[in-house]
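Summary of structural features
Chain by chain, the residues:
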Amino acid sequence: MNTVAQTTAFFYTLTDAFCFVIIAILLYTTLIDADRNRNRWYQINLMIMLLVFCLIDIVWIFVYEGILPRTHATRMISNVFLYCCINACSFCMFLLLNLNLEIVSKHRIPSMIVPYVVFWIIMAIIITNPWTNILFSIDREGILHPELLYVPCMCVIIGDLILSTIRGLIMAFRPENEPSKGFCITIALYAIPVFSGGYIHLVNYEIPSVSIGLTISILLFYVMQMRDQVSLDALTGINNRKQGEKFFFKHIQNINSQETHSSTGLYLFIADVNKFKSINDTYGHAEGDNALIVVADALRDACTFYADKCMLCRFGGDEFVIGGMFIDDKSAEWFCEMIKDCVEKKCTQKNLTYMVTVSIGFERYKPEYRNFKTLLAAADKKMYEEKRNGDS
């Protein structure tokens, strides 16, 4: 064994070990979280597979460089385990991406029976390869040669991720998914580090680019999830109060710094669910939460019409705040009617046994208001006037 092989193996192992530590930390922080939904379990499964891959990858480079015995058997077995891990990691990633796209679209993804069957077929091809050599073969010098099913199997393994990428991009540019456009694009980009790492590894086996690509992808997903936990309301999936306040602070600051004002103005709408307490008392708090989700979905539908103008957030309890740029009070009143129509239609679509209605107050920002709190108070006052007039 020469010095070059030792040096290559050292840096290869060091990189895999670094990726292992990063993923282990992410796995630990995920495991101590009390949340145990399906999304979280898919993340845990993927992280465990990535840890196994890093360990197998270290063994593979030791065999490849001759630090461990480089026989036909060891080369074959190390490659079989490596390709099994690649297949498993790719499939776990595919499941995680599609689950998150399903959450965004509010529609179930197509049957997963076919992907599961294909996954196990490929796994069987890899495991039986020492006897069939139908995927790859190892010559006397220990060099791997692709065989009949190598390219088709590799295409299928990465094909699942390509489908998720395409689906994410398509969903990102659908009008109904406008509020989640950034999330869909991030999902679409999630697999790019994996593709890049796989391509580099094919060009040069001595670069641990696959583990680097996988680690970057899981870090990207983890950061995206943490960002959503900070900025999104856990129940409804729309912006939380903090994000709403940031929106108004930014726009009000811009308006206050301008010497002349544009024809459009900044409007604040506040919507409150009518008789929400009676829904909780009559149907239970679980149904009360469902009512809030229905209202949030209806408000999201209304805001989609003004996708480039509106910001929607849950302000607290059963109150929702919308910020947007409108020409005048007449267009703002028309927007309020659209919101109420959307809420009514959404209740019908969801087959609720009761009808949810909302009271809405709005106010246009004026220089004398000076800040967000006074604007909110003015809109809140009008909302309660509508509640009293409607005896809601």
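As a starting point, this report considers the structure included with it. (Residues numbered from 1 in each chain as written. Predicted model: local features only at pLDDT ≥ 70, side-chain atom pairs only at ≥ 80, totals over all residues. Heavy atoms only, no water.)

1. Details of the overall build of the protein
Put simply, the test is: In DSSP terms, a helix is any run of H or I states spanning at least four residues, a strand is any run of E spanning at least two, and both are numbered starting from the N terminus. Each residue is assigned to one of three classes by its accessible area relative to the maximum for its type, calculated with a 1.4 Å probe on protein chains only: buried under 20%, partly exposed between the two thresholds, exposed over 50%. In this description, contact between two residues means that some pair of their heavy atoms is separated by no more than 4.5 Å. Residue exposure ignores everything except the shown protein chains as possible cover, and the areas themselves are Shrake-Rupley values with a 1.4 Å probe.
Helices and strands together make up the secondary structure of the protein, namely 14 helices and six strands. Counting over 392 residues, the protein shows a buried share of 48%. Considering only contacts within the protein whose residues lie at least 6 apart along the sequence, 71% involve residues at least 24 apart. For the protein, the exposed surface amounts to about 20000 Å²; the carbon and sulfur share of it is 64%.

2. As for helix α8 (residues 192–203)
Which entries qualify depends on this criterion: Take the number of residues in a helix, subtract one, and multiply by 1.5 Å to get its expected span. Each direction from the helix axis to a C-beta atom contributes to the arc, which is the arc of those directions.
Here α8 is twelve residues long and its end C-alpha atoms lie 17 Å apart, about the 16 Å a rise of 1.5 Å per residue gives. For α8, the set of buried residues is Pro 193, Val 194, Gly 197 and His 201. Looking down the long axis of α8, one finds its buried residues gathered within 100° of arc, a one-sided arrangement. Residues of α8 that are exposed and angled more than 90 degrees away from the buried face: Tyr 199, Leu 202 and Val 203.

3. Structural notes on the nonpolar core
Test applied: Residues belong to one nonpolar core when they are buried, are Ala, Val, Leu, Ile, Met, Phe, Trp, Tyr or Cys, and are joined through side-chain atoms within 4.5 Å.
If you look at the biggest cluster of nonpolar residues, it comprises 62 residues, and the most contacted ones within it are Leu 46, Met 93, Phe 136, Tyr 190 and Ile 218. Those elements giving two or more residues to this core turn out to be α1 (3–31), α2 (38–64), α3 (72–105), α4 (113–127), β1 (136–138), α6 (150–172), α7 (181–189) and α9 (209–231). It is α3 that provides the largest number of residues to this core, a total of 17 residues. With near-sequence residues (within four places) excluded, Tyr 190 lies in contact with Leu 46, Met 93, Leu 96, Leu 97, Ser 217, Ile 218, Leu 220 and Phe 221. Grouped together as the second largest cluster of nonpolar side chains are 35 residues, Ile 238, Ala 271, Ala 291 and Tyr 354 included.

4. Quick notes on the pairing of strand β3 (residues 265–273)
In plain terms, the rule: Two strands qualify as a pair provided that DSSP identifies no fewer than 2 bridges between them.
Summarising burial for β3: nine of the nine residues are buried, a large majority. Residue alternation in β3 divides its side chains into two sets, Gly 265, Tyr 267, Phe 269, Ala 271 and Val 273 and Leu 266, Leu 268, Ile 270 and Asp 272, and both sets are buried. When β3 meets strand β5 (residues 319–326), the two strands line up antiparallel, connected through eight bridges. In the strand pairing of β5, Gly 265 is matched with Phe 326. Relative to strand β6 (residues 358–364), β3 is paired through seven bridges, and the arrangement is antiparallel. The partner of Tyr 267 across the bridge, within β6, is Arg 364.

5. Observations concerning the side chain of Ser 211
Topologically, Ser 211 is positioned in helix α9. Leave out the neighbours within four places in its chain, and Ser 211 touches Asp 16, Cys 19, Phe 53, Cys 54 and Asp 57.

6. Considerations on α6
Note the following rule: Throughout, the bend at a residue refers to the angle made by two axes, fitted to the seven residues ending there and to the seven starting there.
Here α6 spans 33 Å end to end across 23 residues, near enough to the 33 Å set by a 1.5 Å rise per residue. A bend of about 35° at Gly 159 is the largest found in α6.

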